[in-house]
Amino acid sequence: MPQSAATISGIQRMVLYETRARYFLVGSNQAQTKHRVLKIDRTEPKDLVIIDDKHVYNQQEVRELLGRLDLGNRTKIGQKGSSGLSRAVSAFGIVGFVRFLEGYYIVLITKRREMADIGGHSIYKIEDTTMIYIPNDSVRVAHPDEARYVRIFQNVDLSSNFYFSYSYDLSHSLQYNLTLLQRPYEPWSSAASSGEEEVHTQSKQDSFDIFEDEGLPTQVVYGLQTEPYYKYVWNGKLLERVKDIVHHDWLMYIIHGFCGQSKLLIYGRPVHITLIARRSSKFAGTRFLKRGANCEGDVANEVETEQIVHDASVMSFTAGSYSSYVQVRGSVPLYWSQDISTMMPKPPIRLDQADPYAHVAALHFDQMLQRFGSPIIILNLVKKREKRKHEKILSEELYPAVINLNQFLPPDHCIDYIAWDMARYTKSKLCNVLDRLSMIAENVVKRTGFFINRSDFYCHTLRPDDRWGDLGGHIASSGRVQTGVLRTNCVDCLDRTNTAQFMVGKCALAYQLYALGMIDKPKLQFDTDCVRLFEELYEDHGDTLSLQYGGSQLVHRVKTYRKIAPWTQHSKDIMQTLSRYYSNAFSDADRQDAINLFLQVYQPSETKPHLWELPTDFYLHQRSTMALPQDRRSYTLWWSEGILSYLPVAYDEVPCDDTMKKVKVKRVNRFDEGIDIYTEFFKPYELTCFDDTFCIAMTNSAREFMPKTVGVDPSPFTVRKPEETGKSVLGNKSNKEETLLQRKTAASAPPPPSEEAISSTSEDDSEDDRDDDGSVSQRSTPIKLLTESGESSRTQEEIQQQQTVKEPYGLNLAEFPSEEDVLIYKRFAHLGESQHTVERTQHIKLANIVCLEPVSCFPEDSVFSVCPPQVDRNSHDVFESHVMLGQGQVRALCREDVLMYREYIKNRYM
């Protein structure tokens, strides 16, 4: 069966050229061997006229075309003054086309930065954009409110946490993308689009096949292009106007959320941990203005978080080892809101509509069953006991809704509901929050499983673990598949949710590393380099999502719930709370208007009231309020057709007719530029530098957390004290006294050998920490004891120096080495003296190298004697030709080499 590969976008660089009547957008691939041209008319004042001739140009043809356009658009023939064709801007992609009250604008990406790399597929962050008005000034019809709409649109900062990729579908999970590559495509390979067939036929006719009679076999690969999951695409509406007009290579979909990658070094073996968060574009908005769900089942602040772990030493989706785990956060799927007209830190929660049959919850969980499969596990972290009912209102409505939906589902695929008052446990001194969360996380990961594209290693048979056998998910021939998902929520889905997701992610990370053969049991301890690296990645993830939805960074972090945060953290928490309150009270309304305009939820028109005149945007997000629904869904059979028959596997990942309609399959050659990720990443056709090829903005590396002292175990899975790490757990401060105070505060809860034994209070271990503090101070600054005799003082200094030397080297240098160690050293010295008797200055004969004559002076009966290896004739010839090539002597190519080179030239340039 032919292999499958994802299609790489054929347009990665573009230049916008300008004339008085048209814009010409010239796009090219990475190698700049194939070009496409887009013609945009500038004479239409309010309409968008785009012409894509679908023709693929080479570099010479594009130069000739631009030369003719330049010559034809000059005012006088032969004039050397102002050119008729001027270069406007260079870009890396099109965000979209947007219109307010005048003509259309085009939004282009002008700067990008590589943030992560997954199997050679680069993920970029948008650094800067430009917005260009298309119609010419001579036909422009001015409107007084146009400038205000432009300002509102530009309030969505595209340089802040928007991501895209040319070859990897960011709107889908890694499990979906790799599952596509393993499907059989013979039944669907003939269903290619007619346009692609025409282009393929035309290119065959244009190129003259000089190797037609050679009889070389052509290796066929299925090139796949998937339809994005529009729920997590943020420029889908901006590209909707041109989606059916232009070639698909012009369309580039962006996501909003977070993307970070860190490197974990396991004794020099690189393992990349990537965290990708996709924010939903449905019912999107700010904290108090978007609560609950809309009539279509989309909830506020819905974010899909995926952690990807892969062995970075192998860069291939087919040959490498990749693992991922997905979890979701989102508002409680009910009709509820909070009244912000009163200036209160916690506005009262109110239920807007009665939903006795849980209609909106059914729509929401139907989407989740279709995308993730079963079981759906709800972790509800809102408060249960309150003096005055506030958060409890949501729990009292959500639990009956889940019970009502479960009575119609098969018992094996019911929705699991876990309610836990995390805030109440945090205040208690007798309970440890993270211990309880780790128990929940263990049960969740065992039920859902995780994704890995490799079957079990032999090390799992050598070192079996009981928990590995109980792991859930779907086991396939090519590995494991995650079935179901954990859905976590509190009221805001920020602080408590992020900590709970971190604990679940930490548990899943242990299973992922165990499945990749990196650790001997699926368990990770706190205060190890690996967990600290993962914790920083998750806190960056939480801060970014909190800024997008709540207007401030996280208030309560993992250290807060571990109760090892310094006292200076409390003042920061107060400032973050005030910042969040200010943002919610004064700036959230403007941000909500900008999001509504960017996502085209509101489209300006002269017949409608302006966006700033609307008293509320409730009717924009609730379509049922504007029209009566034509088809009512069943209250009992509330899921979509066909989902139950494939559970627990997600319906979107099943190869059936409905899902295959979203995938375009094209038969291509194995060396085709459109699927060759090796050529795309390393660019062997041009000179590159390391700064350009390996320019990933890595968030953190385990090297920053490793101890700087020699003699300490460099394993990232070793439990360390806070003062032993290279990077402070509590952050780098400029004030030395504050840093010392933070160390003492952090040292009040030393890491125990097991995670279950973590105590929630820091007072229990204070006496042990005083001894540790003393040892730290003695190691860092030598202390001279004031005694009556100077000899005792010198003895104390000598003892201290011996202790200082013993720590990094592991032995006391003052003691004479043992006889066994001396004997080993003598043998080592003799071995070094007996080797390499050939002088560097004497001429080295080629025959000596090719014949592999031994150069050591060991006799034949010596234990160190080494027999030269037996080399076959073919290897001998290859090496000899290599040496001759270095001397400038070139051998004639054999027939096989000539055929191979012709095949390469044919696929590369013909």
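Higher on the page you've got the structure.
Treat the numbers as computed from the prediction; the structure is a model and nothing was measured.

Undergrad: Go over the overall build of the chain with me, naming the residues and quoting the values.
TA: Scanning the chain for helices and strands turns up 27 helices and 25 strands. Looking at the chain residue by residue over its 910 residues, the buried ones come to 47%. Across the chain, contacts joining residues at least 24 apart in sequence account for 72% of those joining residues at least 6 apart. Looking at the chain as shown, the accessible area adds up to about 46900 Å², and 53% of this sits on carbon and sulfur atoms.

Undergrad: For the sheet that holds strand β24 (residues 663-669), give the residues involved together with the corresponding values.
TA: What holds strands together in a sheet is hydrogen bonding between their backbones, with the strands either parallel or antiparallel. Strand order in this open sheet of 3 strands is β1-β11-β24, and the pairing throughout is mixed. Of all strands in the sheet, those with a lone pairing partner are β1 (4-6) and β24, marking the two edges. Direction aside, neighbouring strands of the sheet carry axes that sit 35° apart on average. Inspection of the sheet shows β1 paired to strand β11 (residues 220-226) by 3 bridges, in the parallel sense. Across the sheet, the residue bridging to A5 is G223, located in β11.

Undergrad: Lay out helix α6 (residues 359-372) with the relevant residues and their values.
TA: Over its 14 residues, α6 runs 20 Å from end to end, which matches the ideal 20 Å to within 8%, given 1.5 Å per residue. Within α6, 11 of the 14 residues are buried, leaving the element largely enclosed by the surrounding structure. Residues of α6 that are buried include every one of V360, A361, A362, L363, H364, F365, D366, M368, L369, R371 and F372, and no others. Lining the buried residues of α6 we find β14 (303-311), β15 (322-329), β18 (376-380), α7 (392-406) and β23 (485-489). G373 occupies a position one or two residues after α6 and carries a positive phi of about 85°.

Undergrad: Could you give an account of unusual backbone geometry, naming the residues involved and the relevant values?
TA: Backbone torsion omega between S374 and P375 reads 5°, so that peptide bond is classified as cis. With an omega dihedral of 10°, the bond running from L647 to P648 counts as a cis peptide bond. Take P648: it is sitting in the loop between α16 (618-621) and α17 (657-660). For K54, which is not a glycine, the phi torsion comes out positive at approximately 60°. Along the chain, K54 turns up in the loop between β5 (50-52) and α1 (59-72). Unlike most non-glycine residues, Y267 shows phi in positive territory, near 55°. Note on placement: Y267 falls in the loop between β12 (255-266) and β13 (269-279).

Undergrad: Lay out the sheet that holds strand β3 (residues 22-28) in plain terms, naming residues and giving numbers.
TA: If you walk across this open sheet you meet the 5 strands as β5-β4-β3-β2-β6, and the pairing is antiparallel. Each of the sheet's edge strands pairs with one partner strand only, and the pair in question is β5 and β6 (86-91). Taken pair by pair, the neighbouring strands of this sheet meet at an average axis angle of 20°, ignoring direction. Where strand β4 (residues 35-41) lies against β5, 3 bridges are found, and the strand directions are antiparallel. Considered in β5, the bridge of K39 is made with I51.

Undergrad: If you had to explain the packing of helix α12 (residues 495-515) against helix α13 (residues 529-549) to someone new, which residues and values would you point to?
TA: Axis separation between α12 and α13 bottoms out at 10 Å; the angle between their running directions is 140°. When the axis of α12 is compared with that of α13, the two are oblique. Where α12 crosses over α13, the two elements pack in a sense that is right-handed. Touching N498, Q501, F502, G505, K506, L509 and L513 of α12 are C530, V531, F534, E535, Y538, H541 and G542, all from α13.

Undergrad: Can you tell me about the environment of A142, naming the residues and giving the values?
TA: Secondary-structure assignment places A142 in the loop between β9 (121-133) and α2 (146-153). C-alpha separation for the pair A142 and G103, spaced 39 residues apart in sequence, amounts to 9.3 Å.

Undergrad: Could you give an account of the side chain of S171, naming the residues involved and the relevant values?
TA: Assignment of secondary structure puts S171 in the loop between β10 (162-164) and α3 (174-181). A polar contact of 3.0 Å, which involves the side chain of S171, links it to the backbone nitrogen of Y229. For S171, the residues in contact, after removing those within four places along its chain, are P228, Y229, Y232, V233, I255, R278 and R371.

Undergrad: Any chance you could break down a positive patch on the surface for me, citing the residues and the numbers?
TA: On the surface, a cluster of positive charge is made up of K384, R385, R424 and R436. Mapped onto the secondary structure, K384 falls in the loop between β18 and α7.

Undergrad: Quick rundown of the packing of aromatic side chains? Include the residues and the values.
TA: Given two aromatic rings, their pairing is described by the distance between the two centres and the angle made by the two planes. One pass over the structure, following the stated rule, counts 29 aromatic pairs. Taken together, a centroid distance of 6.0 Å and an interplanar angle of 75° make the contact between F502 and Y538 edge-to-face. Of this pair, F502 sits in helix α12 while Y538 is found in helix α13, placing the two residues 36 residues apart along the sequence. The same class applies to F502 and to Y538, which are both buried. Here the aromatic rings of Y646 and Y651 are separated by 5.8 Å at their centres, their planes lie at 50°, and the arrangement is tilted. The class for Y646 is partly exposed, based on a relative accessible area of 34%. Using a relative accessible area of 9% as the deciding quantity, one classes Y651 as buried. An aromatic cluster of at least three residues, connected via ring pairs, comprises F100, Y105, Y133, Y149, F153, F162, W234, F598 and W612. The ring centre of Y133 lies 4.0 Å from the NZ or CZ of R140, which sits over that ring.

Undergrad: For the packing of helix α9 (residues 433-448) against α12, give the residues involved together with the corresponding values.
TA: Where α9 meets α12, the axes come as close as 9 Å, and the angle between the chain directions of the two elements is 55°. Classified by the interaxial angle, the pair formed by α9 and α12 is oblique. Judged by the twist between their axes, the crossing of α9 over α12 is right-handed. Here α9 contributes L434, L437, S438, A441, E442, V445 and K446 to the contact with α12, which in turn contributes T499, A500, M503, V504, C507, A508 and Y511.

Undergrad: Quick one: what's the story with the environment of L637, residue by residue and with numbers?
TA: Inspection of the secondary structure puts L637 in the loop between α16 and α17. Note on L637: relative accessible area 55%, which makes it exposed. Note: C-alpha distance between L637 and A362 (275 residues apart in sequence) is 9.6 Å.

Undergrad: Tell me about the pattern of salt bridges, residues and numbers included.
TA: Under the defined criterion, the tally for this structure stands at 24 salt bridges. Several salt bridges share partner residues, and in doing so they unite R278, E304, E306 and R371 into one network.

Undergrad: Please provide a residue-by-residue account of the pairing of β12, values included.
TA: Counting buried positions along β12 gives 11 out of 12 residues, so the element sits mostly inside the fold. Judged from the 2 bridges that link them, β10 and β12 form a sheet pairing that is antiparallel. Following the sheet pairing, Y163 is matched in β12 by I255. Between the antiparallel neighbours β12 and β13 lie 2 residues, among them Y267 with a positive phi of about 55°.

Undergrad: How would you sum up α12? Please name residues and give values.
TA: For the α-helix, the turn length of 3.6 residues means that residues three or four positions removed from each other point alike. When the terminal C-alpha atoms of α12 are compared, their 30 Å separation across 21 residues agrees well with the 30 Å that a helix rising 1.5 Å per residue should span. Along α12, 21 of the 21 residues are buried, which leaves the element largely enclosed by surrounding structure. Phi turns positive one or two residues past the end of α12, at G517, with a value near 80°.

Undergrad: Describe the side chain of N177, and please don't skip the residues or the numbers.
TA: If you trace the backbone, N177 turns up in helix α3. The class of N177 is buried, set by a relative accessible area of 10%. For N177, the side chain forms a polar contact with the side chain of Y168, separated by 3.5 Å. Excluding residues that lie within four positions of it along the chain, N177 makes contacts with Y168, D169 and H172.

Procedures and definitions
For every chain, the first residue of the written sequence is number 1, and numbering continues from 1 along that sequence. Restriction of local features to residues with pLDDT of at least 70 applies here, the model being predicted, together with a cutoff of 80 or more for giving and counting side-chain atom pairs; totals for whole chains, interfaces and linings are based on all residues. Hydrogens and water are ignored here; the side-chain numbers use all heavy atoms of the structure. Secondary structure counts use DSSP, requiring at least four H or I residues in a row for a helix and at least two E residues in a row for a strand, with both numbered from the N terminus. We call a residue buried when its accessible area falls under 20% of the maximum for its residue type, exposed when it is over 50%, and partly exposed in between, using a 1.4 Å probe and counting protein chains only. Two residues form a contact once any of their heavy atoms are found within 4.5 Å. Each accessible area is a Shrake-Rupley result for a 1.4 Å probe, and residues are judged covered by the shown protein chains and nothing else. Note on pairing: two strands pair once DSSP finds at least 2 bridges between them. Working convention: axes come from line fits to C-alpha atoms, limited for helices to the stretch in contact. Angles between N-to-C directions cover 0 to 180 degrees. In a helix, the anticipated span is given by 1.5 Å times the number of residues less one. Our angle categories are set so that under 35 degrees counts as roughly parallel, over 145 as roughly antiparallel, 65 to 115 as roughly perpendicular, and the remainder as oblique. In this scheme the crossing of two helices becomes right-handed for a clockwise turn of the near helix relative to the far one and left-handed for an anticlockwise turn of less than a right angle. Whenever two N or O atoms come within 3.5 Å, that pair is a polar contact, provided that in protein one can donate a hydrogen and the other can accept it, and provided that, for residues adjacent in sequence, both atoms are side-chain atoms. Exposure above 30% relative accessible area and the lack of any salt bridge qualify a residue for a patch; like charges then connect within 9 Å, and the nonpolar side chains Val, Leu, Ile, Met, Phe, Trp and Tyr within 5 Å. Between Lys or Arg on one side and Asp or Glu on the other, a salt bridge is scored when a side-chain nitrogen of the former is within 4 Å of a carboxyl oxygen of the latter. Only four residue types enter the tally: Lys and Arg on the positive side, Asp and Glu on the negative side; His and the chain ends are excluded. By convention, the charge on Lys lies at NZ, on Arg at CZ, on Asp at CG and on Glu at CD. Any two of the Phe, Tyr and Trp rings considered here, Trp counted by its six-membered ring, make a pair once their centres fall within 6.5 Å; the pair's planes then place it as stacked at under 30 degrees, edge-to-face at over 60, or tilted in between. Note on geometry: a ring has a charge over it if NZ (lysine) or CZ (arginine) is within 6 Å of the ring centre and within 35 degrees of the ring normal.

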